Amino acid sequence: MPDTSSDRIDVTYVADLARLRLSPEETAVFQKQLGDVLGYVDQLAQVDVSHVSLLGDADLKNRLRADEVRPSLPVAEALANAPRQDNNLFVVPKIID
Amino acid sequence: MDITSLTILELRQKLAAGALRPREIVDQLADRVTAVDSKLKAYLHLDLDKSRAEADAANITLPLGGIPIAVKDVINVKGAPCTCASKILQGYTAPYDATVIRKLREAGAVLFGRTNMDEFAMGSSTENSSWGVTRNPWDLDRIPGGSSGGSAAAVAGHEAFAALGTDTGGSIRQPAALCSCVGLKPTYGRVSRYGLVAFASSLDQIGVFTKTVEEAALLLEIIAGYDPLDNTSIDRPVPKYTAALGRGVRGLRLGVPKEYFVDGMDPEVEKAIRTAIDEYKKQGAEIVEISLPHTQYAVAVYYIIATAECSANLARFDGVRYGKRAQNPKDILDMYGRTRAEGFGAEVKRRIILGTYVLSSGYYDAYYNRAQKVRQLIGEDFRLAFEKCDALLTPTSPTPAFKIGERTADPLQMYLADIFTIAVNLAGICGVSIPCGFTSNKLPIGLQIIGPKWGEETMLRVAHAFEQATPWHKEKPPL
Amino acid sequence: MTDFFKNNLNMMAIAPLPATDYEAVIGLEVHVQLKTNTKMFCSCLNEFGGATNSHTCPVCLGLPGVLPVPNEEAIVKTVLTGEMLGCQIATRCKFDRKNYFYPDMPKNYQISQYDEPLCLGGAVTLDLLAYPKDVQKNESTVIDKPVRLVRIHLEEDVAKSFHFDDGTSGIDFNRAGTPLMEIVSEADMSTPEEAFAYLSALKQILIYGGVSDADMEKGQMRCDVNVSIRPKGQKEFGTKCELKNLNSISGVRRALKYEIARQIDVITSGGSIEQQTRRWDDDKGETTLMRTKEKAHDYRYFPDPDIQPVRTDHGLYDQAIKEMPELPKAKKARLVQQFGVTTYQAGVLASDAALADYFEKAAAPKPANGSAVANFLLNDFLATTTGDETLPKVAPEFFAELAELAGSGQINSKQAKEVFAQMIATGKSPAALVKELGLAQVSDVGALEAFCDQAIAANPKSVADFKAGKQNAVNALKGQVMKLSKGTANPQLVGEILIKKLSA
Ligand SMILES: [Mg+2]
Ligand SMILES: [Zn+2]
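Residues numbered from 1 in each chain as written. Chains lettered and ligands numbered in written order. Predicted model: local features only at pLDDT ≥ 70, side-chain atom pairs only at ≥ 80, totals over all residues. Heavy atoms only, no water.

**Examining the overall build of chain A**
Inclusion rule: Helix and strand definitions here come from DSSP, where helices need a minimum of 4 consecutive H or I residues and strands a minimum of 2 consecutive E residues; each element is numbered from the N-terminal end. Type-normalised accessible area, obtained with a 1.4 Å probe on protein chains alone, sets the label of each residue: buried when under 20%, exposed when over 50%, and partly exposed for intermediate values. By definition, residues are in contact when any of their heavy atoms lie within 4.5 Å. Shrake-Rupley sampling with a 1.4 Å probe provides the accessible areas, and residues are treated as covered by the protein chains on show and by no other component.
The secondary structure content of chain A amounts to three helices and two strands. Across the 97 residues of chain A, 42% fall into the buried class. Pairs at least 24 apart in sequence give 38% of the contacts found in chain A among residues at least 6 apart. Working note: accessible area of chain A is about 5,400 Å², and carbon and sulfur atoms make up 51% of it.

**Concerning the coordination of the magnesium ion (ligand 1)**
All names here are of chain C. We count it as follows: Water is not among the atoms examined, so metal sites may look incomplete; donors are the N, O and S atoms within 2.8 Å of the metal, or within 3.2 Å for Na, K and Ca.
Distances from the magnesium ion (ligand 1) to its protein donors, namely His31 (NE2), Glu155 (OE) and Glu182 (OE), fall within the range 1.9 to 2.5 Å. Going along the chain, you hit the donors of the magnesium ion (ligand 1) in the pattern H-x123-E-x26-E. Here His31 is found in strand 1 (residues 22-33), whereas its partner Glu182 is found in strand 11 (residues 179-185), with 151 residues between them in sequence. The residues His31 and Glu182 share a single accessibility class, namely buried.

**Here we look at the side chain of Asn490(C)**
What counts, and what does not: In the analysis that follows, any N or O atom pair within 3.5 Å is treated as a polar contact, provided that within protein one partner can donate a hydrogen and the other can accept it, and provided that, for residues neighboring in sequence, both atoms belong to side chains.
In this structure, Asn490(C) sits in the loop between helix 15 (473-484) and helix 16 (491-503). Within polar-contact distance, the side chain of Asn490(C) engages the backbone nitrogen of Gln492(C) at 3.1 Å.

**Points about the interface of chain C and chain B**
Heads up, the condition is: A 1.4 Å probe defines the accessible area here, and the buried area is the portion of it lost by two parts on being joined, summed over both. Residues are grouped as follows: Ala, Val, Leu, Ile, Met, Phe, Trp, Tyr, Cys and Pro are nonpolar; Asp, Glu, Lys and Arg are charged; all remaining types, including Gly, are polar.
Across the boundary between the two partners, chain C contributes 32 residues, which contact 38 residues of chain B. Buried surface at the junction of chain C and chain B, both sides included, amounts to about 2,700 Å², of which 60% is carbon and sulfur. For the pair chain C and chain B, the interface holds 16 residue pairs in polar contact (both at pLDDT 80 or more). Breaking the side of chain C that touches chain B down by element, the ones donating at least two residues are strand 4 (96-99) and strand 16 (302-303) of chain C. Split into classes, the residues belonging to the side of chain C that touches chain B amount to 22 nonpolar, five polar and five charged.

**Some points on empty space enclosed by the protein**
Residues and elements named next belong to chain C. Convention followed: The method works on a 1 Å grid over the protein atoms by themselves. A cavity is a set of points holding a 1.4 Å probe that cannot get out, a pocket is an open set with protein on both sides within 12 Å along at least five of seven lines, and residues with an atom within 4 Å of a point line them. Grid points are joined across faces, edges and corners, and a volume is the space filled by probe spheres set on the points.
Under the criterion given, the structure shown has six cavities of 30 Å³ or more. Its boundaries defined by the atoms lining it, the largest cavity holds a volume of some 120 Å³. Lining the largest cavity are 17 residues, and of these Phe41, Val59, Cys60, Lys107 and Glu156 lie nearest its centre. Split by residue class, the lining of the largest cavity holds eleven nonpolar, two polar and four charged.

**Focus: the pairing of strand 10 (residues 168-172) of chain C**
Defined as follows: Strands pair, by our definition, only if DSSP identifies at least two bridges between them.
Among the five residues in strand 10 of chain C, five count as buried, and that is most of the element. The two faces of strand 10 of chain C match: Thr168(C), Gly170(C) and Asp172(C) on one face and Ser169(C) and Ile171(C) on the other face are all buried. Alignment of strand 2 (residues 89-93) of chain A against strand 10 of chain C, held across four bridges, turns out to be antiparallel. Bridging from a neighbouring strand, Pro93(A) pairs with Thr168(C) of strand 10 of chain C. The turn joining strand 9 (residues 160-163) of chain C and strand 10 of chain C, which pair antiparallel and follow one another in sequence, is formed by four residues; a positive phi near 80° is taken by Gly167(C).

**Here we look at the nonpolar core**
The criterion, for reference: The set of buried Ala, Val, Leu, Ile, Met, Phe, Trp, Tyr and Cys residues whose side-chain atoms join them within 4.5 Å is what this entry labels a nonpolar core. Per the annotation, domain bounds derive from an automatic or database assignment of domains.
Of all hydrophobic cores here, the largest spans 276 residues; its most connected members are Phe120(B), Tyr280(B), Phe382(B), Ile449(B) and Tyr198(C). Broken down by element, this core gets its largest block of residues, twelve residues, from helix 9 (residues 298-313) of chain B. Summarising the domain contributions, this core has at least three residues from each of domain 1 (8-254 + 387-474) and domain 2 (296-372) of chain B. Excluding residues within four positions of it along the chain, Ile449(B) makes contact with Tyr280(B), Ala391(B), Leu392(B), Leu393(B), Cys430(B), Gly431(B), Val432(B), Ile434(B), Met459(B), Val462(B) and Ala463(B).

**Some details on the coordination of the zinc ion (ligand 2)**
Ideal geometry at a metal centre gives angles of 109.5 degrees when four donors are arranged tetrahedrally and 90 or 180 degrees when six donors are arranged octahedrally. Residue and element names in this part refer to chain C. Spelled out, the test is: When four donors show all angles between 85 and 135 degrees the site is tetrahedral, when four or six donors have opposite pairs over 155 degrees and all other angles between 65 and 115 it is square planar or octahedral respectively, and in every other case it is irregular.
Listed as protein donors to the zinc ion (ligand 2) are Cys42 (SG), Cys44 (SG), Cys57 (SG) and Cys60 (SG); their distances from the metal cover 2.3 to 2.4 Å. Note that the zinc ion (ligand 2) binds four donor atoms; their angles at the metal cover 101 to 117°, and the shape is tetrahedral. Expressed as a motif, the donor residue spacing for the zinc ion (ligand 2) is C-x1-C-x12-C-x2-C. In this pair, Cys42 is assigned in the loop between strand 1 and helix 2 (72-84) and Cys57 in the loop between strand 1 and helix 2, connecting sequence segments 15 residues apart. Cys57 carries the same exposure label as Cys42, and that label is buried.

**Observations regarding the packing of aromatic side chains**
The line we're drawing: Under the pairing criterion, centres of Phe, Tyr and Trp rings, with the six-membered ring standing for Trp, must be within 6.5 Å; the plane angle then separates stacked pairs below 30 degrees from edge-to-face pairs above 60, leaving the rest tilted.
If you walk through the whole model with that rule in mind, you get 30 aromatic pairs over all chains. Between the aromatic rings of Tyr114(C) and Tyr301(C), the centroid separation amounts to 4.0 Å while the plane-to-plane angle is 10°, which identifies the pairing as stacked. Taken together, the residues span a long stretch of sequence, with Tyr114(C) in the loop between strand 5 (109-112) and strand 6 (119-120) and Tyr301(C) in the loop between strand 15 (286-292) and strand 16 at a distance of 187 residues. By way of ring pairs, the aromatic residues Tyr92(B), Phe120(B), Phe317(B), Tyr322(B) and Phe344(B) are connected into one cluster.

**Observations concerning the domain arrangement of chain B**
Accessible area lost when the parts come together is the quantity often used to give the size of an interface. Residue and element names in this part refer to chain B. Here is the rule we go by: In the sections that follow, a salt bridge refers to a side-chain nitrogen of Lys or Arg positioned within 4 Å of a carboxyl oxygen of Asp or Glu.
By the assigned domains, chain B splits into domain 1 (8-254 + 387-474) and domain 2 (296-372). Computed from C-alpha coordinates alone, the two centres of domain 1 and domain 2 are separated by 26 Å. On the side of domain 2, 25 residues touch domain 1, which itself brings 28 residues to the contact. Here domain 1 meets domain 2 over a buried area of about 2,300 Å², counting both sides, of which 69% is carbon and sulfur. The interface formed by domain 1 and domain 2 includes zero salt bridges. Among the elements that make up the side of domain 1 that touches domain 2, the one with the highest residue count is helix 14 (residues 422-427) (three residues). Tallied by class, residues from the side of domain 1 that touches domain 2 come to 17 nonpolar, eight polar and three charged.

**Notes on the interface of chain B and chain A**
Contact with chain B, which involves 61 residues of that partner, is made by 47 residues of chain A. Of the roughly 4,700 Å² buried between chain B and chain A on both sides combined, carbon and sulfur atoms contribute 68%. The tally of links between chain B and chain A comes to three salt bridges. A salt bridge links Asp334(B) to Arg21(A), with the nearest nitrogen and oxygen atoms 2.6 Å apart. Run the count over chain B and chain A and you get 15 residue pairs in polar contact (both at pLDDT 80 or more). Elements with a contribution of two residues or more to the side of chain B that touches chain A: helix 9, helix 10 (332-343), helix 11 (346-359), helix 12 (365-388) and helix 13 (411-415) of chain B. With ten residues, the top contributor of residues to the side of chain B that touches chain A is helix 12 of chain B. The residue inventory of the side of chain B that touches chain A, partitioned by class, reads 34 nonpolar, 15 polar and twelve charged.

**Some details on the packing of helix 7 (residues 213-223) of chain B against helix 15 (residues 456-469) of chain B**
Residues and elements named next belong to chain B. So the rule is basically this: The axes are straight lines fitted to the C-alpha atoms, using for helices just the contacting stretch, and the angles between their N-to-C directions are given from 0 to 180°. Should an angle fall under 35 degrees it is taken as roughly parallel, and over 145 as roughly antiparallel, whereas 65 to 115 is taken as roughly perpendicular and any remaining angle as oblique.
Here helix 7 crosses helix 15 at 160°, and the two axes come no closer than 9 Å. With respect to their mutual orientation, helix 7 and helix 15 come out roughly antiparallel. Judged by residue contacts, Val213, Ala217 and Leu220 of helix 7 engage Glu456, Leu460, Ala463, His464 and Glu467 from helix 15. Of the residues in the contact of helix 7 with helix 15, the class split is five nonpolar, one polar and two charged.

**Points about helix 11 (residues 413-426) of chain C**
All names here are of chain C. Applied cut-off: Expected span of a helix: the number of residues minus one, times 1.5 Å. The reported arc concerns the directions from the helix axis to the C-beta atoms and nothing else.
Compared with an ideal rise of 1.5 Å per residue, which puts 14 residues at 20 Å, helix 11 spans 20 Å between its outermost C-alpha atoms and is within 8% of the ideal. Along helix 11, the residues that are buried comprise Gln415, Ala416, Val419, Phe420 and Met423. Across the axial projection of helix 11, the buried residues extend over an arc of 140°, all falling on one side. Exposed side chains of helix 11 directed beyond 90 degrees from the buried face belong to Lys414, Lys417 and Ala425. Elements in contact with the buried residues of helix 11: helix 9 (370-382), helix 10 (396-407) and helix 12 (430-436). Gly427 sits one or two residues past helix 11 and shows a positive phi near 75°.

**Here we look at the sheet that holds strand 4 (residues 162-167) of chain B**
Residue and element names in this part refer to chain B. Within the open sheet, the eleven strands sit side by side as 1-3-2-4-6-5-10-11-9-7-8. Their pairing is mixed. Edge strands, defined here as strands with exactly one partner in the open sheet, are strand 1 (43-45) and strand 8 (286-290). Pairs of neighbouring strands in the sheet enclose a mean axial angle of 30°, with direction left out of account. As judged from the seven bridges shared by strand 10 (residues 430-438) and strand 11 (residues 444-451), these two strands associate in the antiparallel manner. Within strand 11, the position partnered with Phe438 by the bridge is Pro444. Contacts from helix 2 (residues 22-40) reach strand 1, strand 2 (68-72) and strand 3 (110-115), with the element oriented near 15° to strand 3. Packing of helix 15 onto the sheet brings it into contact with strand 5 (182-185), strand 7 (253-257), strand 9 (391-395), strand 10 and strand 11, and relative to strand 10 it is tilted by some 10°.

Take a look at the structure:
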């Protein structure tokens, strides 16, 4: 486990990964609160998990979908919630690669 | 005649006898909402015209024919809003019905109102709603619990006969306990999640709030079952849960996990639970002490797995296809960043950040992977426990309802409110909270009965036996 | 390889060698659209084109509350692909979420497979015919080289975006959620021609299995190329560049040729290669910088909790095996055996499943005519056809008819060529054309005897030569008969009649 200081999580970096634009105040508050939470979850390091396998569920039964077409939404309904649309396309600010 | 205090079963008798029409039920319920919801704020949306139309068209020979059911605002109903109490879904209209809604309609139910909740079901107090706090019907200065606080308050305040809620870490059982009603969380995979806006996919389960155990059994019969649209629902016959009731507890072994009676628990809560255990003893159940040794890790495991899953589940709220979009975005990154910053409340942001962090490069093994392994150990604890007993008895919440605002500054303290309910979700088993008394200042206390996977019948039978022998479920809040 | 190591490699590469002392290291990541009826996780139609956003539903639009359910046929087709390519098929696999934000991705995570892909290992064999025609005879062409595969996994495709001049983009979600197979090769290729052969051979297999039409122009097969160079004999890889926007197999070859030369040029002129993503411009014939190595992606993969792991040993594998087609090698051997075609003909036929099918239909009525049918198909049709047609537009029965007309002597080979050309051009049947053009070979003995008598009378010298023992003299007379009959005489019969008459 990482060290236990409260600034071990880089809230600015993580918020950027999550596409959340935080204010400096929010960042500072979260930095402290999440530091506390991470300190609390550190107790998991005490648990011996060496014998635990995550493959589990031996009674696994495939529940797959047959390749059969069902009706799609009417185009107008598909676009009904779009914040912005044009010519039956969802419109967003330009995507740059 | 005030019918809002009746149970679904009593309503059905009156409907069958011709003493009541579905339309009158909706009208009286609407009157009750008008009278008390300005205090409780249990509902977010009501479409009374639609509910009345459904009542007029109701076929009362169906199992729920003409019975109004309230729905937590996290379940999609075609043509209705579904905001999840979040600004980011403002203006969204669902183009489809969740599977549980389809099943309710097929059973003849009338959909009545959307109940308040913590934003995206993240919280234990309903204080995280973007549209205001729901109040506890027993003390308007206190929280109703959460995240399904609106559903619990509506049923306890007789603004609804029954309501759907969702339970990811206790979000049905805890508010049921704090508001004094029955709150049932089924086994994971028992009820389809299709149409439920996901918080934490491996933990979420839809369940019900009712006044009595029998009503909960009836509703579960209707909403349970395999759904080809939910790959995690299980293809297993649905028992007639109502038929399991009334057989008493003689011969059953009921386990009391010692880890659930810890320092820091409210003494009045502990006393009520001990009294309930004695009641079961009196009725002929054998009480056995059980150990669930990994209990202390449940909250930590939960806040890693639930937040990890939510960080991905909530990525879709980006302003592209539906919901809110920030004004005049400069470019796509600006649109994402501001839409999500403006659309989500603080708790949601906190959890997304925590979940993103525990999955991020270099931390996955230490947090997410380890939490999954400890989760297995917690499940194993319960599996072993149920070799020794038929159901477990625990408090639902370590304390009665706390004051609004009391814990908002300290998320960790808030997270610990779910200490007795979370492990049930992690293990994928079932649990129900039923009224089991009041504190000296008349705040409800809930008893949690936990069953093994697919153990709803026994669990409900145990709950029913207590309910029949005690007066708590008949008490009405002073509204 | 760590960044540290890569950076140091760059620094080590300061002493430039002559250009010929470098070799390229090439690895391909190929995305293949599966030919299923429906999308990967919902029941919307999986179809190219269609009115914008007409093949969408709550699931593939990523609406709140929806859940994915995997398409069984997509899994079967992926297992089949793995089986055709000699992969190890996992008995259990799972789906994972790959997290990144992009407007063409409805959930802002892609359901993919991370550490438990359906197929591991396997190889694509570069047979001779998979190489570009112009290098098939080169000595340096390595025939039957296996290019090892790392893995094949199944995932969902993203939507299509259109970019407008007003600074906005429009998104069509019809393609979002369609099944996509990702095939990752080892960096086993060292020339652009090998990359070309790899893609051709892979495409052939995919078509064979009915798994995909694998048309790069239509985006059914898309590939990312990783290429680096290193001094020959060096084990470590150089810094690689990734090439994008490759829309045809020959485009991949051209792009690689350019890029390898560019990298060698950078190194030999004392520079070093920077890790980049470069865009191929097929019109200009050059790669241009798209972006330099950005901050590493952090995809935060984790198992998708909405989807149960899948067991291929519970029926799926057996189903895939049932759909296993005859593979090119087996087909080649069978064509030789069954229709008496040459090994080379069989190889060319088997290199294209549709062509082989066409051939078999044409040859089936009379397997003994197989070789003649193959000749018409390969020499007369394929060798002369221009453009993209890979199959004749006429019914295979016409080839059978033509081969029979020629084989039974009803028309001669020269006439057959004429009929063939007309058949392709007009779509008329060979029998109809023979009649229309008056080409029917004259086999009427009475009519032929009259021509023969005429020829004998007009060519006393040839007659004398024959009688003096010059057997070949009969050919001159035969030529005369053919001339007299305007080419319609059955040459074989004419020969027989002449010899009979001259020997009398
Ligand atoms: Mg991919
Ligand atoms: Zn769809």
